[in-house]
Amino acid sequence: MKIFLSTDMEGTAGVVDWEQCVGDSPEAAAGRKLLLAEVNAAIEGAVEGGATEVVLNDSHYYMRNFPADELAAQASYISGSHKPLYMMQGLDSSFGAVLFISYHGSVGACAGLSHTYNPRAVVEARINGVVTGEAGINALVAAHYGVPVVLVTGDRVACEETEKLMPGVHSAVVKEHVSRLAAHSLHPVKARELIRDTARQAVAVASSASPPPYPRPVSLEVSVRNTDIAEAATWVRGVERVGDRELVFAGDDLLSVYQSFCAAILLTRSIAEVV
Ligand SMILES: [Zn+2]
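If you're wondering where the values come from, they're calculated on a predicted model, not measured in any experiment.

S.K.: Residues and numbers for the coordination of the zinc ion, please.
M.R.: Surrounding the zinc ion are the protein donor atoms Asp8 (OD), His104 (NE2), His115 (NE2), Glu134 (OE) and Glu134 (OE), at 1.9 to 2.8 Å. Spacing between the donor residues of the zinc ion along their common chain follows D-x95-H-x10-H-x18-E. Residue Asp8 is found in the loop between β1 (2-7) and α1 (26-48), and its partner His104 is found in the loop between β4 (97-103) and β5 (122-127); the two are separated by 96 residues along the sequence. The buried category is assigned to Asp8, whose relative accessible area is 3%.

Structure follows, in C-alpha cells:
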C-alpha cells in the first residue's frame, strides 16, 4: 500500500513560536530537527502498519525543510516551491491512505500558531458550514482521488477539527494549547512514540477506511480580512463573492475547488501584506 504523507510544522511537540518555524536561525534549525523526528516516526509507523511505499510532501513554508538522506524507510520526497497542488502535491488515486503530520488549529481557534493558509488573508474557512483548518481543505484533494485520510497529528485543536469533518480518522495529540504562542507539549520522545504507534494502527486498518465524506457539490466558504482581498479573489475562476468579505468556492469537482482556493491565496498574497 502506497502512503501519502503531507507535513506542516506548527503542530510539532516543543514548537510554539514562529521563530522556530521559519528562517535560518539556530532555533529554526532545532525546530526542523524536532519535526524531522516526528515525520520519521510517522513513516516508520506506516511501514510497520503495512505501507510498501511512502511519499512525503513537504508542505511547510519554503517546503524544503529536511535533509532528504535523513528520511526514514527510504521515503521519497517532494519538496520545493510552486507545486501545483501545494500541500497535496503528489497525491493521486494510486495511494491507499493520507497522513497529515504536525498540523495546527484553524485561524480563529484557541490553538497554538493558529492560521489557515495565509493568516493575513483568511479569517475563517468552513466546509459546508463546519469550521475547518488546513486538514479539511487539503482533504478536498483526498476526496477527489477517493483516498481516505487515516491520521492527523498535531495539537488538540487540529485533531478535533479534522475529526469533525472526517469521523474515524486516527489522531495523535502531541500538545495542548496555552496561548497562540505557548503550549504544553509531550516530551518529544513520547510524542514520537505516540505518532509511530498511531500511524501503525491507522495504516493497518486503512484498507477499510473511507475517503473524506464530502458531498458533491461541496462548498468551501472563506471569510477574508478586507474587501480588497475579497475583490481580487473573484478574479479567480469559480469564486463567488457572497458578502463584502465572504467568498464561496463551490462545485462538484473537488480538485477544482481546491485549486481555485490555492489560486486565490496566491493571488491575494501581496494585497494581504498591506495593513
Ligand atoms: Zn499550516
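S.K.: Please give an account of the layout of surface pockets that cites residues and values.
M.R.: Estimates place the volume of the largest pocket at around 940 Å³. Lining the largest pocket are 30 residues, with Tyr61, Tyr86, Tyr117, Asn118 and Arg269 sitting closest to its centre. Of all elements in the fold, only α6 (254-267) and α7 (269-273) reach the threshold of two or more residues within the lining of the largest pocket. Class assignment of the residues belonging to the lining of the largest pocket gives a composition of 16 nonpolar, 7 polar and 7 charged. A volume near 210 Å³ is recorded for the second largest pocket. Lining the second largest pocket are 15 residues, and of these Pro167, Gly168, Val169, Ala209 and Ser210 sit closest to its centre. Of the residues assigned to the lining of the second largest pocket, the class counts are 12 nonpolar, 3 polar and no charged.

S.K.: Break down the nonpolar core for me, with residues and values.
M.R.: For soluble globular proteins, nonpolar side chains are generally found buried alongside one another. In this structure, Tyr214, Leu220 and Tyr258 are the most contacted members of the largest nonpolar core, which totals 52 residues. Here this core gets 8 residues from one element, more than from any other, and that element is α6. What Tyr258 contacts, discounting residues up to four positions off in sequence, is Leu85, Tyr86, Met87, Met88, Tyr117, Ile137, Asn138, Leu140 and Val141. One finds Ala72, Leu151, Ala172 and Val203 within the second-largest nonpolar core, a separate group that totals 34 residues.

S.K.: Tell me about empty space enclosed by the protein, and please be specific about residues and values.
M.R.: According to the stated counting rule, one finds 3 cavities of 30 Å³ or more in the structure shown. Within this model, the largest cavity holds a volume of roughly 60 Å³. Residue lining of the largest cavity: Ala121, Val122, Val222, Val224, Ile229, Ala233, Leu247, Phe249, Phe261, Ala264, Ile265 and Thr268, and that is the complete set. Looking at the lining of the largest cavity, the elements that each hand over two or more residues are β10 (218-224), α5 (227-233), β12 (246-251) and α6. A total of 3 residues in the lining of the largest cavity trace back to one element, the largest contributor, which is α6. A volume near 40 Å³ is recorded for the second largest cavity. What lines the second largest cavity is His104, Thr132, Gly133, Glu134, Ala135, Gly136, Ala158, Glu161 and Thr162. Elements supplying a minimum of two residues to the lining of the second largest cavity: α2 (134-145) and α3 (156-165). In the lining of the second largest cavity, the residues fall into 2 nonpolar, 5 polar and 2 charged.

Conventions adopted
- Each chain carries its own residue numbering, running from 1 in the direction its sequence is written.
- With pLDDT at 70 or above as the cut-off, local features in this predicted model cover only qualifying residues; side-chain atom pairs require 80 or more to be listed or tallied, and sums for whole chains, interfaces and linings still use all residues.
- Only heavy atoms go into the side-chain values, all of them from the structure, while hydrogens and water stay out.
- Water is absent from the atoms considered, so a metal site may look incomplete; donors are defined as N, O and S atoms within 2.8 Å of the metal, or 3.2 Å for Na, K and Ca.
- Comment: elements are numbered from the N terminus, with helices defined as DSSP H or I runs of at least four residues and strands as E runs of at least two.
- Working definition: with a 1.4 Å probe on protein chains only, accessible area under 20% of the residue-type maximum means buried, over 50% means exposed, and in between means partly exposed.
- The definitions used throughout rest on a 1 Å grid laid over the protein atoms alone, on which a cavity is an enclosed set of points accommodating a 1.4 Å probe that cannot get out and a pocket is an open set flanked by protein within 12 Å on both sides along at least five of seven lines; lining residues are those having an atom within 4 Å of a point.
- Grid points are joined across faces, edges and corners, and a volume is the space filled by probe spheres set on the points.
- When residues are grouped by polarity, Ala, Val, Leu, Ile, Met, Phe, Trp, Tyr, Cys and Pro land in nonpolar, Asp, Glu, Lys and Arg in charged, and all others, Gly among them, in polar.
- Buried residues of nine kinds, namely Ala, Val, Leu, Ile, Met, Phe, Trp, Tyr and Cys, make up a nonpolar core once their side-chain atoms join them within 4.5 Å.
- Any two residues having at least one pair of non-hydrogen atoms within 4.5 Å are treated as being in contact.

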